[in-house]
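Descriptive analysis of the structure
Residue-level listing of the chains:
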Amino acid sequence: MTADAKPVNLLGLARQELEAFFTARGEAGFRARQLMKWVHHHGLSDFELMTDLSRNLRALLAAESEVRAPEVIMEQRSNDGTRKWLLRLDDGNCIETVFIPDDGRGTLCVSSQVGCALDCTFCSTARQGFNRNLTPAEIVGQLWIAKSRLQPEPGRSRTVTNVVLMGMGEPLLNYDAVVSAMSLMMDDLAYGLGKRRVTLSTSGVVPAMDRLKDTLDVSLAVSLHAPNNALRDQLVPLNRKYPIEQLLPACKRFVEGRTRKQSVTFEYVMLKGVNDQPEHARELVRLLRNVPAKVNLIPFNPFPQTRFERSDPATMDRFRELLIVGGLHTITRKTRGDDIDAACGQLAGKVADRSRRALRFSRMEEGLQ
Ligand code: SAH
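Below, the structure is looked at part by part. Within each chain, residues carry numbers counting from 1 in the order of the written sequence. With pLDDT at 70 or above as the cut-off, local features in this predicted model cover only qualifying residues; side-chain atom pairs require 80 or more to be listed or tallied, and sums for whole chains, interfaces and linings still use all residues. Each side-chain value is derived from all of the structure's non-hydrogen atoms; neither hydrogens nor water enter the calculation.

**Some thoughts on the site of the ligand**
Around the ligand lies a shell of 22 residues, among which Phe122, Ser201, Ser203, Ser223 and His225 are the nearest. Residues adjacent in sequence count toward polar contacts only when both atoms are side-chain atoms; beyond that, a polar contact is any pair of N or O atoms within 3.5 Å, and within protein one must be able to donate a hydrogen and the other to accept it. One nitrogen or oxygen atom from the side chain of His225 is found 2.6 Å from an oxygen atom belonging to the ligand. A distance of 2.9 Å separates a nitrogen atom of the ligand from a polar backbone atom of Asn301. For accessible areas, the Shrake-Rupley method is used with a probe of radius 1.4 Å. Any residue's cover is judged against the shown protein chains and nothing else. Within the complex, 96% of the 540 Å² of free accessible area of the ligand lies under protein. Helix and strand definitions here come from DSSP, where helices need a minimum of 4 consecutive H or I residues and strands a minimum of 2 consecutive E residues; each element is numbered from the N-terminal end. For the shell around the ligand, the secondary-structure elements that each account for two or more residues are strand E10 (198–202), strand E12 (264–270) and strand E13 (293–299). Whether a residue is near a molecule or strand depends on its heavy atoms: it is near if one of them lies within 4 Å of it.

**Structural notes on the pattern of salt bridges**
By convention in these notes, a salt bridge is any Lys or Arg side-chain nitrogen within 4 Å of a carboxyl oxygen on Asp or Glu. Evaluated as defined, the whole model comprises 21 salt bridges. For Lys195, the salt bridge goes to Asp217, with nearest N and O atoms at 3.7 Å. Of this pair, Lys195 sits in the loop between helix H6 (175–186) and E10 while Asp217 sits in the loop between helix H7 (206–213) and strand E11 (219–223), and the two are 22 residues apart along the sequence. Only protein chains enter the accessibility calculation, which uses a 1.4 Å probe. A residue is then buried if its area is under 20% of the maximum for its type, exposed if over 50%, and partly exposed in between. Since its relative accessible area comes to 37%, Lys195 is described here as partly exposed. Lys272 serves as the salt-bridge partner of Asp312, at 3.4 Å between the closest nitrogen and oxygen. With a gap of 40 residues between them, Asp312 in the loop between E13 and helix H11 (313–325) and Lys272 in the loop between E12 and helix H10 (278–287) connect regions that are remote in the sequence. Take Lys272: its relative accessible area is 37%, and that puts it in the partly exposed class. A single salt-bridge network, built from bridges that share partners, covers Glu75, Arg77, Arg83 and Arg149.

**Let's talk about the packing of H7 against helix H9 (residues 244–256)**
Inter-axis angles, ranging from 0 to 180 degrees, are taken between N-to-C directions of lines fitted to C-alpha atoms, where helices are fitted over the stretch in contact. The geometry of H7 relative to H9 is characterised by a closest axis approach of 9 Å and an angle of 5° between their N-to-C directions. As judged from the angle between their axes, H7 and H9 are roughly parallel. Of the residues in H9, those in contact with Val206, Met209, Asp210, Leu212 and Lys213 of H7 are Gln246, Leu247, Ala250, Cys251, Arg253 and Phe254. Just so you know the grouping, Ala, Val, Leu, Ile, Met, Phe, Trp, Tyr, Cys and Pro go in nonpolar, Asp, Glu, Lys and Arg go in charged, and all remaining residues, Gly too, go in polar. Among the residues forming the contact of H7 with H9, the class breakdown is seven nonpolar, one polar and three charged. When describing relative orientation, an angle under 35 degrees is termed roughly parallel and one over 145 degrees roughly antiparallel, while 65 to 115 degrees is termed roughly perpendicular and anything else oblique. Here, residues are in contact when the closest pair of their heavy atoms is within 4.5 Å.

**Focus on a positive patch on the surface**
Together, Arg282, Arg286, Arg289 and Arg318 give the surface a local cluster of positive charge. Structurally, the position occupied by Arg282 is in helix H10. Under the relative-accessibility criterion, Arg282 is labelled partly exposed at 42%. Note on patches: the residues involved have over 30% relative accessible area and no salt bridge, like charges join within 9 Å, and the nonpolar side chains Val, Leu, Ile, Met, Phe, Trp and Tyr join within 5 Å. None of His or the chain ends enter the tally, which takes Lys and Arg as positive and Asp and Glu as negative. Each charge is placed at NZ for Lys, CZ for Arg, CG for Asp and CD for Glu.

**Quick word on the packing of helix H1 (residues 15–23) against helix H2 (residues 31–41)**
Packing of H1 against H2 brings their axes to within 8 Å, and their N-to-C directions diverge by 120°. One finds that H1 runs oblique with respect to H2. For the pair H1 and H2, the sense of crossing is right-handed. Contacts from Arg15, Leu18, Glu19 and Phe22 of H1 reach H2 at Arg31, Ala32, Arg33, Leu35 and Met36. For the contact of H1 with H2, the per-class residue count stands at five nonpolar, no polar and four charged. For any helix crossing, the convention is left-handed if the near helix is rotated counterclockwise from the far helix by under a right angle, and right-handed if that rotation is clockwise.

**A short note on the nonpolar core**
The criterion is simple. A nonpolar core is a set of buried Ala, Val, Leu, Ile, Met, Phe, Trp, Tyr and Cys residues joined through side-chain atoms within 4.5 Å. Residues Leu35, Phe122, Leu212, Phe266 and Leu288 are the most contacted members of the largest nonpolar core, which totals 106 residues. For this core, the element with the highest residue contribution is H6, accounting for eight residues. Domain delimitation in this document rests on an assignment produced automatically or drawn from a domain database. Three or more residues apiece are contributed to this core by two domains, here domain 1 (8–66) and domain 2 (71–368). If we ignore the near neighbours within four places in the chain, the residues touching Phe122 are His225, Leu235, Val236, Val269, Leu271, Phe300, Phe303 and Phe308.

**A few points about the packing of aromatic side chains**
Ring geometry is summarised as follows: Phe, Tyr and Trp rings, the Trp one being its six-membered ring, pair when their centres sit within 6.5 Å, and such pairs are stacked at plane angles under 30 degrees, edge-to-face over 60 and tilted between the two. Counting across every chain of the model gives four aromatic pairs. A ring pair is formed by Phe21 and Phe22, whose centres lie 5.4 Å apart and whose planes are at 85°; its orientation type is edge-to-face. On the basis of relative accessible area, Phe21 is assigned to the buried category, the value being 5%. Residue classification places Phe22 among the buried residues on the basis of a relative accessible area of 0%. Measuring from centroid to centroid gives 5.2 Å for Tyr268 and Phe319, while their planes differ by 35°, and the two rings are tilted. Of this pair, Tyr268 sits in strand E12 while Phe319 sits in helix H11, and the two are 51 residues apart along the sequence. Exposure class is identical for Tyr268 and Phe319. Each is buried.

**Details of helix H3 (residues 55–64)**
Turning to H3, its buried residues are Leu57, Arg58, Leu61 and Glu64. Across the axial projection of H3, the buried residues extend over an arc of 145°, all falling on one side. Seen from the buried face of H3, the exposed residues on the opposite side, beyond 90 degrees, are Arg55, Asn56 and Ala62. Considering only its buried residues, H3 is in contact with strand E1 (8–9), H1, H2 and strand E2 (65–66). In this context, the arc is that of the directions from the helix axis out to the C-beta atoms.

**Here we look at the environment of Glu138**
In this fold, Glu138 is placed in helix H5 (residues 136–149). Taking the C-alpha atoms as reference, Glu138 lies 7.8 Å from Leu89; in sequence the two are 49 residues apart. Only 2.8 Å separates the side chain of Glu138 from the backbone nitrogen of Thr135, close enough to count as a polar contact.

**What to know about the sheet that holds strand E5 (residues 94–102)**
Here the rule is simple: two strands pair whenever DSSP picks up at least two bridges between them. The 10 strands lie next to each other as E3-E4-E5-E6-E9-E10-E11-E12-E13-E14, forming an open sheet whose pairing is mixed. This sheet does not close on itself; its edge strands, each paired only once, are strand E3 (71–77) and strand E14 (329–332). Averaged over all neighbouring strand pairs, the angle between strand axes comes to 20°, with direction disregarded. Running at roughly 130° to strand E4 (residues 83–88), H5 makes contact with E3, E4, E5, strand E6 (105–109) and strand E9 (162–165) of the sheet. The strands that H6 touches are E9 and E10; relative to E10, the one it contacts most, it runs at about 160°.

Spelled out as structure tokens, the structure:
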């Protein structure tokens with residue numbers, strides 16, 4: 001390595017990439033397997049502790065590479081067991097990651113970008129604009145950190161059993177890095193999560209949904225939030241580019257080719273007086289009639305200066321019942337981590353350079369290439 005070359009961060013390399021890293025240095029490919037276990041199963045970053053690698057190889061690794069996750073600069077714990085970590089990246093930007101323990105499962109909500117370009121009107125991440133994509137190491141690093149920080153707690157799942165790409169950012173606008181990171185999450189030599197346990201949530205980047213379908217078998221969640229284009233255009237501006245009549249066929253295509261029975265989870269944030277009326281529920285039933293769908297109603301989580309309010313519990317119950325009567329499998333998501341602002345759409349992090357917001361739609365195009 002020349003003096004100014006940056007060390008390769010091995011944390012984000014998928015199995016084949018790591019094998020290529022070793023073979024390019026005259027080492028056997030199986031070294032990749034050994035290293036992955038140390039890094040992902042045992043959470044090690046110090047090559048000296050990787051005792052089945054020769055002294056020479058450890059020296060070579062230390063000279064040319066590193067295993068480096070983002071730095072934890074704050075950890076918050078909610079009364080309900082939810083944990084939130086504020087992570088600082090190399091360039092000073094910050095992102096947030098949330099762990100949500102529930103009966104028998106532990107879900108990690110992972111960020112895919114610093115900020116977000118999509119500008120959904122009810123989302124606090126949108127407020128800070130878009131800064132940049134995360135690297136695979138920064139995405140997998142969130143899981144690496146969570147695993148190493150989760151200690152046993154009585155009665156609560158302390159391990160990560162599920163990952164949802166529902167933190168900051170639009171994962172399908174950071175396609176390559178997100179796919180690499182998810183494949184590592186699912187690799188037995190890393191985290192070994194099953195395909196039902198890794199869920200990508202998208203606002204509906206239709207071409208990338210089709211690409212993903214042919215690349216990786218993961219679960220899909222789609223942020224629908226409205227039963228018609230007029231309303232969805234207002235809430236999720238990406239709808240103007242990929243309207244519902246393109247989005248729903250893409251959802252169907254996503255699950256059709258699968259051997260396992262699969263459905264798409266449609267997220268629907270409950271906004272008082274905006275999208276929560278009985279006619280919206282009926283329209284949603286008609287809309288999703290021929291789509292293998294589950295509906296996840298999300299109570300809106302307020303943040304400073306938002307013009308939206310959360311729907312009343314009775315309105316949400318009524319809405320849910322209308323969906324169920326209409327034949328839609330529907331649940332209302334519990335709000336978690338309220339006391340530490342860890343709930344959906346509240347992840348704000350800190351963006352070093354807000355001026356990049358202007359690039360919004362051109363960035364969206366870039367993400368598709
Ligand atoms: N960009 C992706 C993933 C990140 S958002 C997407 O749009 O799906 C994860 C989920 O949280 C989305 O369904 C999003 O619409 C929802 N969300 C955003 N802000 C929210 C808020 N203030 N209250 C409740 N849910 C919110």
